[in-house]
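# Summary of structural features
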Amino acid sequence: MSLGYAQKLSYKEDVGDVGMSEIFDTQQVLQQKIKQLAKMIKKSKHLVAFTGAGISTSCGIPDFRGPKGVWTLQREGKGVPEASLPFHRAAPSVTHMALVELERAGILKFVISQNVDSLHLRSGIPRYKLSELHGNSFREVCPTCGTEYVRDFEVETIGLKETSRRCCDPKCGAKLKDSVLDWEDELPPKEMKAAENHCRTADIVLCLGTSLQITPACNIPLKSIRNGGKMVIVNLQQTPKDNKASLVIRGFVDKVMTEVMQLLKMSIAPYIRVDLFQIIFNQFRRVSDSKYAKWSLRVISVHGEKAPLPFIESVEVTFPERPELKTAILNQQPFLLKRETLKSRPLHMVLWINFSEGCDCRFISIDLPIDFEASTDDISQDKNIVIQQLREMANEDQYCGQSSIVDRKHLSDSGKTVFTYAVATNIVQYNGLLPSKTSDVSELTKKVNGGSEKVNLDDDIGSGLTDKANGAQEKVDLDNGIDICTYSVPSKKARVH
């Protein structure tokens, strides 16, 4: 849940019950229930997850109805709570990543989310296996051709309004709209249809971190029960649907899912975030022949020159082989530098990209050699392969900051050269019950010690759960610098640059 989202919502007097007391099962009861849930998941043929704001509170995102939730504090006249980090830098929780592992193993068939934080997509849940009932604060949609654009910045509007950007398809070009619902907006039919169909098929609907109060979304899991399935609720507060559930667990959702994964003998992979940005070098044409070259350099978002670039704080441009040229410090967007230098002397620049709050990597440096009188060859690499390589490197090194060029394109008509770079900006290891962040090389891995006590099951509950889903794994990039893992072609359009 975004604080900006809560503030943008239209005023509503009755938002349901808020500030309810949290209830905790005793340790013995909790362990018995976790063991029961693990057995149910193991036997499940069509598992569906139904998630709410409670699975993102450990990511630093406040919920709505908890003791310190947005609506709870607002009703008390205290205003909105403070988030512990920028919304656009939130990393998936243990629960998010556990669901990813269950999906990759072929156990979890579908995820239905009421959250708008995009963490299911960031974690790696395929878009075609996800219904975002209330929208996504980072997703824009073309109302004409249906193309979706997932951003690395929070879209500025809610309520299905037009944004400041247009569809990139040259045959379309329509104005994009945000995808987040306001109070009076109807749930999107496509998302609803997929969610209802999977719940009708499900033998288990696992409700995680949701109060199950917002209609009509809260009634969707009940469709499983009507067709002989079961509903499981993991939530610290009572819900109106508790009496319909086959199992209700009162415990922290991250603790429950961590221990379930241990019982299933399934590990939780680290979350490694890779972001993209562009550098545009523009050599201006001159009417008269001159020994000087007039040029500009810009660091921009991959979403366009006017799009926000929230994960970069500043850019320093140095000229190590030209001491007479002063270092340029660009402290705010647009990160733009204009200079005039001799054409006869090649230019070697070093760009220091300083990252913003929420990035584990503090900075990277990029060498940018420029020869004004020589042509350069284009570079084109598969973006998804580059991203995967960076993730593998970060995982092996146990720190982030690895970067690579993705492509270099010279646009002869305009004199521009466009460089696209990818960088691993965050790595989160999931050890024990809490995620641990690993920073860049200057801050080596800090492990979280301890963990929960093992509960032995009567049978080998982990057998047969490690096989991957059938089909070759594909990568579908939704234009956000973060690749989305899928196992087949998604049903929705995905814009690929």
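Presented here is a report on the structure given in the accompanying data block. Everything quoted here is computed from the prediction, not taken from an experiment.

## Comments concerning the overall build of the protein chain
Across its full length, the protein chain holds nine helices and 23 strands. Out of the 497 residues belonging to the protein chain, those deemed buried represent 56%. Sequence-distant contacts, at least 24 apart, represent 67% of the contacts inside the protein chain between residues at least 6 apart.

## What to know about the packing of aromatic side chains
Enumeration over the complete set of coordinates arrives at seven aromatic pairs. Aromatic ring contacts, followed pair by pair, group F281, W295 and F372 into a single cluster. The lysine or arginine in question, R122, covers the ring of F138, its NZ or CZ lying 4.5 Å from the ring centre.

## Digging into the pairing of strand β2 (residues 108-113)
The buried fraction of β2 is high, at five of six residues. Of the pairings in the sheet, the one linking strand β1 (residues 47-51) to β2 comprises five bridges and is parallel in character. Each bridged residue has a counterpart across the sheet, and for L47 the counterpart in β2 is L108.

## Digging into the sheet that holds strand β4 (residues 139-141)
Read across the sheet, four strands follow the order β5-β4-β7-β6 without closing on themselves; strand pairing throughout is antiparallel. Edge positions in the sheet fall to β5 (148-150) and β6 (162-166), since each has one partner strand and no second. Along the sheet, successive strands turn relative to each other by an average axial angle of 35°, direction set aside. Relative to β5, β4 runs antiparallel, the two sharing three bridges. Its bridge partner lying in β5, V141 is registered against E148.

## Topic: the side chain of R322
On the secondary structure map, R322 appears in the loop between β13 (312-318) and β14 (328-330). With a relative accessible area of 5%, R322 lands in the buried category. Each residue touching R322, except ones within four places of it in the same chain, is listed here: R345, P346 and L347.

## A closer look at unusual backbone geometry
Most peptide bonds are trans, and most residues other than glycine sit at a negative phi. Residues T215 and P216 are joined by a peptide bond in cis, for which omega reads 0°. Positionally, P216 belongs in the loop between β8 (204-208) and α7 (222-226). For Q398, which is not glycine, the phi dihedral falls at a positive 65°. Relative to the helices and strands, Q398 is located in the loop between α9 (383-397) and β19 (403-411).

## Describing the pairing of β13
With five of seven residues buried, β13 is to be regarded as a mostly interior element. Bridging between β13 and β14 involves three bridges; their strand directions are antiparallel. If you follow V317 over to β14, its bridge partner there is A328.

## Quick word on the packing of helix α2 (residues 27-43) against helix α8 (residues 253-263)
Relative to each other, α2 and α8 sit at 55°, their axes nearing to 9 Å. Between α2 and α8, the angle is such that the two are oblique. For the crossing formed where α2 meets α8, the hand is right-handed. The residues of α8 that touch α2, namely those facing Q27, L30, Q31, I34, K35, L37, A38 and I41, are K255, V256, E259, V260 and L263. Residue classes in the contact of α2 with α8 are distributed as eight nonpolar, two polar and three charged.

## Description of the environment of T327
Inspection of the secondary structure assignment puts T327 in the loop between β13 and β14. On the accessibility criterion, T327 (44% relative accessible area) is partly exposed. When the C-alpha positions of T327 and V317 are compared, they lie 5.7 Å apart, and in sequence the two are ten residues distant.

## Quick look at the nonpolar core
Core analysis: the biggest nonpolar cluster contains 47 residues, and F277, M349 and L351 have the highest contact counts within it. Listed in part, the 43 residues of the second largest apolar core include V94, L102, V256 and V260.

## A short note on helix α6 (residues 189-201)
Taking 1.5 Å as the rise per residue, α6 with 13 residues should run 18 Å; its terminal C-alpha atoms sit 18 Å apart, in good agreement. Listed as buried for α6 are E191, M192, A195, E196 and C199. Burial along α6 is one-sided: seen end-on, the buried residues are contained in an arc of 120°. With respect to the buried face of α6, the exposed residues turned more than 90 degrees away are P189, K190 and K193. Where α6 is buried, its residues touch β1, β2, β3 (130-132), β8 and α7.

## Regarding the pattern of salt bridges
Scanning the entire structure with this criterion turns up 18 salt bridges. Of the charged contacts in the structure, one is a salt bridge between R273 and D275, with a shortest N-O distance of 3.2 Å. When its relative accessible area of 1% is taken as the criterion, R273 is described as buried. A residue is classified by how much of its surface remains accessible, and D275, at 0% relative accessible area, is buried. Residues joined in a network through salt bridges with shared partners are R127, E132, R139, E148 and E191.

## Observations concerning the sheet that holds strand β17 (residues 363-370)
Pairing within the open sheet is antiparallel, and its four strands lie in the order β14-β13-β16-β17. One side of each edge strand has no neighbouring strand; the edge strands of this open sheet are β14 and β17. Looking at each pair of strands side by side, their axes are set apart by 20° on average, direction ignored. Relative to β17, strand β16 (residues 347-355) runs antiparallel, the two sharing eight bridges. Considered in β17, the bridge of M349 is made with L368.

What counts as what
Residues numbered from 1 in each chain as written. Predicted model: local features only at pLDDT ≥ 70, side-chain atom pairs only at ≥ 80, totals over all residues. Heavy atoms only, no water. Helix = DSSP H or I, 4+ residues; strand = E, 2+ residues; numbered from the N terminus. Buried < 20%, exposed > 50% of the residue type's maximum accessible area, 1.4 Å probe, protein only. Contact = heavy atoms within 4.5 Å. Phe/Tyr/Trp six-rings, centres within 6.5 Å; stacked < 30°, edge-to-face > 60°. Lys NZ or Arg CZ within 6 Å of the ring centre and 35° of its normal. Pairing = 2+ DSSP bridges. Axes fitted to C-alpha atoms, helices over the stretch in contact; angles between N-to-C directions. Parallel < 35°, antiparallel > 145°, perpendicular 65-115°, else oblique. Left-handed = near helix turned anticlockwise from the far one by under 90°. Nonpolar A, V, L, I, M, F, W, Y, C, P; charged D, E, K, R; others polar. Core = buried A, V, L, I, M, F, W, Y, C linked by side-chain atoms within 4.5 Å. Expected span 1.5 Å × (residues − 1). Arc of directions from axis to C-beta. Salt bridge = Lys/Arg side-chain N within 4 Å of Asp/Glu carboxyl O.

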